[in-house]
Structure formats: C-alpha cells, structure tokens
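Structure at a glance
Single-letter residue listing:
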Amino acid sequence: MKKVSALIVCILFLALLLSGCTGANGDNKGDNKGVTTDIGDAVASIDGKLITYEELQSKVKRLAAMYQYNLEAPENAAAVQNLNVQILQSMIDDIILKNHPDLQKFAVSEEEYQEELALIKEQFEDKLAYELFLAERMMTEGDLELYVKDQLLINKIFNDITKEITEPAMDPKEYYDNNLDAFYQTEQRKVRHILVKTQAEAEAVIARLKKGEDFIKLVKELSKDTSSQDNEGLIGPFAKNDLMLVPEFINGAYTLQKEGEYTKTPVQTVHGFHIIKAEEIIPSRQYAYEEVKDMIADRLLLEAKQAGFETFMTELRGETKIIDNLQQVLEKKAAEKVTAAPEASDGEEPAEPETK
C-alpha cells in the first residue's frame, strides 16, 4: 500500500484545530481582555511580535484560491470576515506555540523534509498535475518547502504534548454502529488510458483498437502521459467524486459498463484526448467492523489528542500578551477602498431615483 504524505494529516489536523479555536476577538487573551492598544496597521501582536495585514491576506488569498472562492463577491462578505478571523487565530497560535521555551528543542532536518516532499509528489499522476496543484494554491516550490517544514515541526510538537494520551474517548464499536454511512464504499473504478494531443490522433487509436490491437501495447507506443511507461496507463481505484482527477476523465470512465470495454469516442480534458478502458469495476459495499476497527480507533485517538492539545493551547493563550487589531484594520481598509472608488464615469452624475 502506498504511504500517504503526512502533509494530508497536517492539513486535516489544522482544519480541526481551527474549528476548535475560540475566535480572535479577545475571548481568552490573558490580562488583555477588552484592551485596545495602538499597534498601527498590524492585525495582531503576540508578546510584541506583529502580524501584518499583508501576511494575513497572503494566507487568506491562498486558501481562497485553493477552494476557488471569490473574496470580492458581496454575498461572501460575512464568510470572508470569518475566514480572516480563523486564519489570524491559527497564525497567533502558531507563534505562541513556537515561542514556548519548552518547545524550542524541536527542529525539522533536510532529510525529513525531502522524504515528505517525495511522498507529496507521489500523490500526483504526473509533473503537470503537481505544478497545477501549486498554481491553484498560488504557491511556489519555495512556499511549499516553508509550509511543509512548518507543519512537520507542528506535528512534532503536537506528538510531544499529547504523548500521554493513549486511549480514545469513545468505544470504536459504538462509533461504528452510530455511523454506518461513513463506512459505505461507493462503486470504484480502475482504468487504463491512452493520452494523445489531438482528436484525430485519438480517433486513429480507437480505429486500431477496433482492429484488435492490444491496449497496453498502444499505451507504450502512443500515450503522452509520462507515467504510462511505468504503469502501463493504469489509474485508480477512484470513485465518482474523486478530487485528484478532472471531472471529464471520471465521467468518461463511468460511461463504461463492463470490464474490458473502452470509450469509442475520445474523452477531452485539459491534458488532451483520452481513450479509457475499464480494467476493474469495484462494486459498492458496506465495510464490516473488523475491516475498519483499527482506522476508527486511530481516528478517535486523534480526536482525544486534539482535545488535549486544545486544552494546552488555551492555557498558553492565557499566559500570552495578545493584542487583536483585526476588526479595526479591516474597517480601515474597507473605508480606504470606498474612498478610492472611481467617481461616475465620464463626469456623469448618478441617475436620480425614479419617483412614483
């Protein structure tokens, strides 16, 4: 079984940590509760260390890009406000955690980073998919390096703080019985594909297949997918809602109703034109408890550790001098934006409202 990058675990952990945090509005700020101190245009100060508006917005924009979220849409204003609050709180917690004297002993080696980076790249079907992943998140490889090292460091700290928590808070069998839908596997597919640049090339491939030529032989001869020479064009298993494959490819694969069947018309995606063959159709089923009990126990133990970690963070926040200036800065930026808005074009005065 392929080892999964710990980055995915990091992302899950941070998302859950964010959902458990109190808002960055002075709810647990030690002796600073309700205190307003001038820190200029910085959005927060943590024991004198400033977080700038630009630093915060860089993270907000990356997250918005990841989920194709329009930050400028008026209907998203409330959600954008909440996003700013949550990301700022995570940045504050990050600084608090790394500044703790007992946690200065942890570091991430270059070897650990390179191992993690290799695992991350293994998650993508080719170099183009990896580069698209970075572009969609407005990240360079340098940004990714900083992010990965940061998350590996936080994981080390997290594991140290929660090492005494060894048992889940709920019985795994009870959890399984109460959440059967979570352990139902929808139908999955394994397929092979041949990728070419043009529709004409794809139609020529289909014509050769109809004459009885071997699919794998044509993969090796014609496919532009750089990984095809190693895996003979094999992809999967994947479900209909898989996010690692483009929708057009998945839809094409799911038009095939039996194993061995291939698409008789080319399937176009951003990568080119595909001919897809159904290698294996894996039917839907309900997983038995014995199959998933270890996974459930691991998940419940992680939740128990997260609860213990949040207790630890709450205590640290109470000992830290935190100044939250987010709301004032956002209001100032909004006012500046209104002031900078252009007047009515061509010197025209705004139309008067109709009277009835």
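Residues numbered from 1 in each chain as written. Predicted model: local features only at pLDDT ≥ 70, side-chain atom pairs only at ≥ 80, totals over all residues. Heavy atoms only, no water.

For the rest of this paragraph, the subject is the nonpolar core. Ranked by internal contacts, the top residues of the largest apolar core, which has 29 residues, are Val43, Ile51, Leu56, Leu88, Ile92 and Leu97. Within the residue set of this core, elements represented by two or more residues are β1 (42-46), α2 (53-66), α3 (77-99), α6 (141-161), α12 (289-318) and α13 (326-340). Looking at this core element by element, the count peaks at nine residues for α3. In this structure Val43 touches Ile51, Thr52, Tyr53, Leu56, Leu88, Ile323, Asp324, Asn325, Leu326 and Val329, once residues within four positions along its chain are discounted. (Core = buried A, V, L, I, M, F, W, Y, C linked by side-chain atoms within 4.5 Å. Buried < 20%, exposed > 50% of the residue type's maximum accessible area, 1.4 Å probe, protein only. Helix = DSSP H or I, 4+ residues; strand = E, 2+ residues; numbered from the N terminus. Contact = heavy atoms within 4.5 Å.)

For the rest of this paragraph, the subject is the sheet that holds strand β2 (residues 49-52). If you walk across this open sheet you meet the three strands as β2-β1-β9, and the pairing is antiparallel. On the outer flanks of this sheet lie β2 and β9 (322-324), each paired with one strand and no other. Looking at each pair of strands side by side, their axes are set apart by 20° on average, direction ignored. Here β1 runs beside β9; their pairing, made up of three bridges, is antiparallel. Bridge pairing in β9 links Ala44 to Asp324. Most of the contacts of α2 go to β2, to which it runs at about 55°, and overall it touches β1 and β2. (Pairing = 2+ DSSP bridges. Axes fitted to C-alpha atoms, helices over the stretch in contact; angles between N-to-C directions.)

Orientation of α3 relative to α6, taken along the N-to-C sense of each, is 65°, at an axis distance of 11 Å. In the crossing of α3 with α6, the sense of the turn from one axis to the other is left-handed. Side by side, α3 and α6 meet where Asp94, Leu97 and Lys98 of the first sit next to Asp150, Leu153, Ile154, Ile157 and Ile161 of the second. When its residues are assigned to classes, the contact of α3 with α6 shows five nonpolar, no polar and three charged. (Left-handed = near helix turned anticlockwise from the far one by under 90°. Nonpolar A, V, L, I, M, F, W, Y, C, P; charged D, E, K, R; others polar.)

In this section: the confidence of the model for the protein. Confidence along the protein averages 85 in pLDDT terms, with 85% of residues attaining 70 or more. The low-confidence segment residues 1-36, where pLDDT is below 50, has 64 contacts with residues more than four positions distant or belonging to other chains. (pLDDT = per-residue confidence, 0-100.)

Two aromatic rings, taken as a pair, are described by how far apart their centres are and by the angle between their planes. For the structure shown, the criterion picks out nine aromatic pairs. Ring geometry for Phe158 and Phe309: centres 5.2 Å apart, planes at 55°, overall tilted. Here Phe158 is found in helix α6, whereas its partner Phe309 is found in helix α12, with 151 residues between them in sequence. Per residue, the accessibility class of Phe158 equals that of Phe309, and both read buried. The interplanar angle of 65° and the centroid separation of 6.4 Å between the aromatic rings of Phe238 and Tyr254 together place this pair among those described as edge-to-face. You can see Phe238 sitting in strand β5 (residues 234-239) and its partner Tyr254 sitting in the loop between α11 (247-253) and β6 (267-269), a full 16 residues away along the chain. Residue classification places Tyr254 among the buried residues on the basis of a relative accessible area of 12%. An aromatic cluster of three or more residues is present, and its members are Tyr175, Tyr176, Phe183 and Tyr289. Just above the ring of Tyr262 sits the side chain of Lys264; from NZ or CZ to the centre is 4.1 Å. (Phe/Tyr/Trp six-rings, centres within 6.5 Å; stacked < 30°, edge-to-face > 60°. Lys NZ or Arg CZ within 6 Å of the ring centre and 35° of its normal.)

This part is about the packing of α2 against α3. At a minimum axis distance of 10 Å, the contact between α2 and α3 shows a crossing angle of 120°. The two elements α2 and α3 cross, and the hand of that crossing is right-handed. Residues Glu55, Leu56, Gln57, Lys59, Val60 and Leu63 of α2 lie in contact with α3, whose contacting residues are Leu83, Asn84, Ile87, Leu88 and Met91. Each residue belonging to the contact of α2 with α3 can be placed in one class, and the counts come to seven nonpolar, two polar and two charged.

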